Amino acid sequence: MKTTSKLYKIGAFLALLLGSAYLTSCEKSLDEEAKTFINPDDFFSNETQCIQAVNGVYETLYDIYSSPDYWRMVDLGTDVAYSKDVNSSVQNYEYGSGNTGTGNLWLNAFAGIKNSNLVISRVSKAPIDGAIKDRVIGEAKFLRALYYFNLSNTFGAVPLWTDEIVIESISSLERSSLEDVRKQIVKDLSEAEGVLPLSYPGSDVGRVTKGAAQTLLAKVYLYAKDWKNAKATAEKVVNSGTYSLMPDYSQLFDVNTGFKNNQESIFEVQYLREPTSNKNTRTHSMISYYIPQRDAGKSTYAGVDFGKLVVDGWSVFLPTAKLVTMFEAGDKRKDIVLGYGFKDQKFTAFPKPGYPWFGSKFWDLNAKGQASGKDLYVLRYADVLLMLSEAENELGNISGSLKWMNMIRERAGLPALATSTTKAEITEKIFTERAIEFVGEFQRRFDLNRWGKLVEAAKSVAVDNPIGAAKVRPYHQYYPISQDEIIKNPNLKQNDGY
């Protein structure tokens with residue numbers, strides 16, 4: 001399916017529009033030709049301008065999901081991945097208020113929230129068609145909810161504001177409780193769900209949809225252990241008939257099979273690289289972190305020729321021994337998640353004797369240098385099914401839980417779990433299924449935190465991460481707030497332990 005071209009080049013416009021309002025650090029996204037700012041009071045007068053404005057709110061997706069700092073903070077220090085960088089502060093649980101381990105997530109997410117607030121405020125008063133107005137506001141509310149979802153999972157309680165206010169007011173806000181932040185996320189997603197379409201035609205593919213709002217809402221309920229609402233909301237996604245599992249797990253990640261915005265994808269960050277012309281429109285560098293190490297002075301990777309592929313292979317992220325053992329015999333996902341070779345060639349070098357690299361799930365054979373145009377999933381249908389399995393299990397409906405779980409297992413080539421499987425056994429299966437299915441998809445640390453299993457998981461991989469296993473503590477559930485932010489806003493209180 002064709003992906004949208006409207007969401008690739010959006011940074012310069014939003015910087016021009018929002019810079020004069022109250023954006024504090026948007027210079028990085030300005031085009032060289034941009035010389036002046038656009039006053040918001042002179043904008044939002046027609047549908048085109050309103051759509052351009054909400055396009056700009058998507059920009060924060062790239063600031064967050066394209067960042068190696070974000071990839072580190074959601075997978076390193078868990079039971080699925082470790083870094084060959086033995087000095088990684090995230091992996092070693094050696095971060096603090098001076099080096100938070102979260103990069104610019106705080107700044108980027110709040111910039112996205114502020115931009116969302118502006119768009120919602122101005123578009124609500126714009127003289128445009130009601131249906132377009134509702135949709136644009138719905139898009140902005142979903143994105144605001146997603147940015148708050150990331151912030152609250154990372155830091156816990158965070159400042160909460162939904163109005164178009166000046167920077168002086170923002171810089172004195174106190175942290176709102178996690179409960180209040182989640183209430184606002186639920187409100188935004190519930191309202192977005194009511195106005196967003198099920199799908200988009202042509203060049204608008206890639207925008208947030210009703211299904212995206214429902215899926216994220218189900219996830220928020222799940223995190224809050226509101227099992228009934230998690231189940232009811234996830235069932236809406238299933239009953240819409242809009243989504244289905246891809247027949248083969250490998251198809252989700254193969255850039256040569258037209259995987260972008262496929263039938264399983266509910267929301268993904270859109271990237272674009274044209275290999276024939278070598279044009280990089282919007283790219284990220286994930287392949288360089290996950291592909292096997294490039295052999296010195298050669299065009300091979302761990303002794304294997306990938307053909308025309310020429311990328312900087314650093315192999316920073318590696319699968320833990322624990323992840324390798326999670327796969328059952330016959331699991332078709334194993335050779336996609338883990339890398340033992342390429343086509344008919346076997347790797348001749350490995351991170352450790354007998355242990356693999358990460359596999360083709362993370363590769364992009366059309367990449368060059370550090371530039372990959374491979375889309376990154378935020379929400380997909382497999383997650384809906386596993387959320388339903390978890391909610392049903394917690395509600396005591398074993399048969400219902402097994403129904404959804406076995407759909408995932410069937411695609412993986414695994415036998416269905418027996419009807420005699422207990423609640424506790426299903427819970428353990430959910431822990432491992434989510435690890436295998438979503439490794440590298442920005443989920444593991446957040447999952448472990450909501451289950452209260454981060455410390456246990458980190459200690460279980462001492463063979464790969466001995467420093468982190470020794471230093472992890474319960475307070476590491478949340479990352480610290482940067483001391484710079486606390487200096488700027490003394491009303492912010494630091495997380496416990498830092």
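Just above, that's the structure.
These remarks concern the structure in this document. (Residues numbered from 1 in each chain as written. Predicted model: local features only at pLDDT ≥ 70, side-chain atom pairs only at ≥ 80, totals over all residues. Heavy atoms only, no water.)

### Section: the overall build of the protein chain
Scanning the protein chain from terminus to terminus reveals 21 helices and 14 strands. Over its C-alpha atoms the protein chain spans a radius of gyration of 22 Å, differing by no more than 12% from the 23 Å that the globule rule assigns to 498 residues. When the backbone C-alpha atoms are referred to their principal axes, the protein chain occupies close to 65 × 55 × 45 Å. Each of the 498 residues in the protein chain was classed as buried or not, and the buried ones make up 59%. The contacts of the protein chain with a sequence gap of at least 6 include a subset with a gap of at least 24, amounting to 70%. With the model as given, the accessible surface of the protein chain reaches about 19,500 Å², and the carbon-plus-sulfur share is 51%. Across the protein chain, the 58 positively charged side chains and the 59 negatively charged ones have centroids separated by 2 Å. (Helix = DSSP H or I, 4+ residues; strand = E, 2+ residues; numbered from the N terminus. Rg over C-alpha atoms; globule rule 2.2 N^0.38 Å. Buried < 20%, exposed > 50% of the residue type's maximum accessible area, 1.4 Å probe, protein only. Contact = heavy atoms within 4.5 Å. Areas by Shrake-Rupley, 256 points an atom, 1.4 Å probe, with all protein chains shown as cover. Lys, Arg positive; Asp, Glu negative; His and termini not counted. Charge placed at Lys NZ, Arg CZ, Asp CG, Glu CD.)

### Structural notes on the packing of helix α9 (residues 178-195) against helix α10 (residues 210-223)
Two elements in contact, α9 and α10, have axes whose closest approach is 8 Å; the angle formed by their N-to-C orientations is 155°. Here α10 runs roughly antiparallel to α9, going by the angle between their axes. Along this stretch, α9 crosses α10, giving a crossing that reads as left-handed. Contacts between α9 and α10 pair R182, I185, V186, L189, S190, A192, E193 and G194 from the former with K210, A213, Q214, L216, L217, V220, Y221 and Y223 from the latter. A per-class count over the contact of α9 with α10 returns 10 nonpolar, 3 polar and 3 charged. (Axes fitted to C-alpha atoms, helices over the stretch in contact; angles between N-to-C directions. Parallel < 35°, antiparallel > 145°, perpendicular 65-115°, else oblique. Left-handed = near helix turned anticlockwise from the far one by under 90°. Nonpolar A, V, L, I, M, F, W, Y, C, P; charged D, E, K, R; others polar.)

### Brief notes about the layout of surface pockets
Computed from the structure, the second largest pocket encloses a volume of approximately 460 Å³. Around the second largest pocket, the lining comprises 19 residues; the ones closest to its centre are D335, F342, K343, S360 and W363. Residue assignment for the lining of the second largest pocket shows that the elements contributing at least two residues are α14 (334-337), β9 (338-339), β10 (341-342) and β11 (345-346). (1 Å grid on protein atoms, 1.4 Å probe; cavity = no way out; pocket = protein on both sides within 12 Å on 5 of 7 lines; lining within 4 Å. Points joined across faces, edges and corners; volume = space filled by probe spheres on them.)

### What to know about the pairing of strand β4 (residues 279-282)
Bridge analysis of strand β3 (residues 272-274) against β4 gives 3 bridges, and the strand direction is antiparallel. Each residue of the ladder has a partner; that of L272, found in β4, is R282. The turn linking β3 back onto β4 is made up of 4 residues, and N278 within it adopts a positive phi angle of 60°. (Pairing = 2+ DSSP bridges.)

### Description of helix α2 (residues 47-57)
When you tally the buried positions in α2, you get 8 out of 11 residues, the bulk of the element. All buried positions along α2 are accounted for by Q49, C50, I51, A53, V54, N55, G56 and V57. By the N-cap criterion, in which a side-chain oxygen at the helix start approaches the backbone nitrogen of a residue two or three places on, α2 is capped by N46, the distance to T48 being 3.2 Å. (Polar contact = N/O pair within 3.5 Å; in protein donor to acceptor, adjacent residues only side chain to side chain.)

### Observations regarding the pattern of salt bridges
Applying the stated criterion across every chain, the model contains 37 salt bridges. Put simply, K352 and D464 hold a salt bridge, and the shortest N to O gap is 2.6 Å. Of this pair, K352 sits in the loop between β11 and β12 (357-358) while D464 sits in the loop between α19 (454-459) and α20 (466-471); the two residues are 112 residues apart in sequence, bridging distant segments of the chain. The class of K352 is partly exposed, set by a relative accessible area of 25%. The network of salt bridges with shared partners includes E264, E328, D331, R333, K361, R380, R409, R411, K429, E433, E437 and E441. (Salt bridge = Lys/Arg side-chain N within 4 Å of Asp/Glu carboxyl O.)

### Here's the deal with unusual backbone geometry
Positive phi, close to 60°, is recorded for K225, a residue that is not glycine. Considering the arrangement of structural elements, one finds K225 in the loop between α10 and α11 (227-239). Unlike most non-glycine residues, F442 shows phi in positive territory, near 65°. Structurally, the position occupied by F442 is in the loop between α17 (423-438) and α18 (444-451).

Scope: geometric values only; no functional claims are made or implied.
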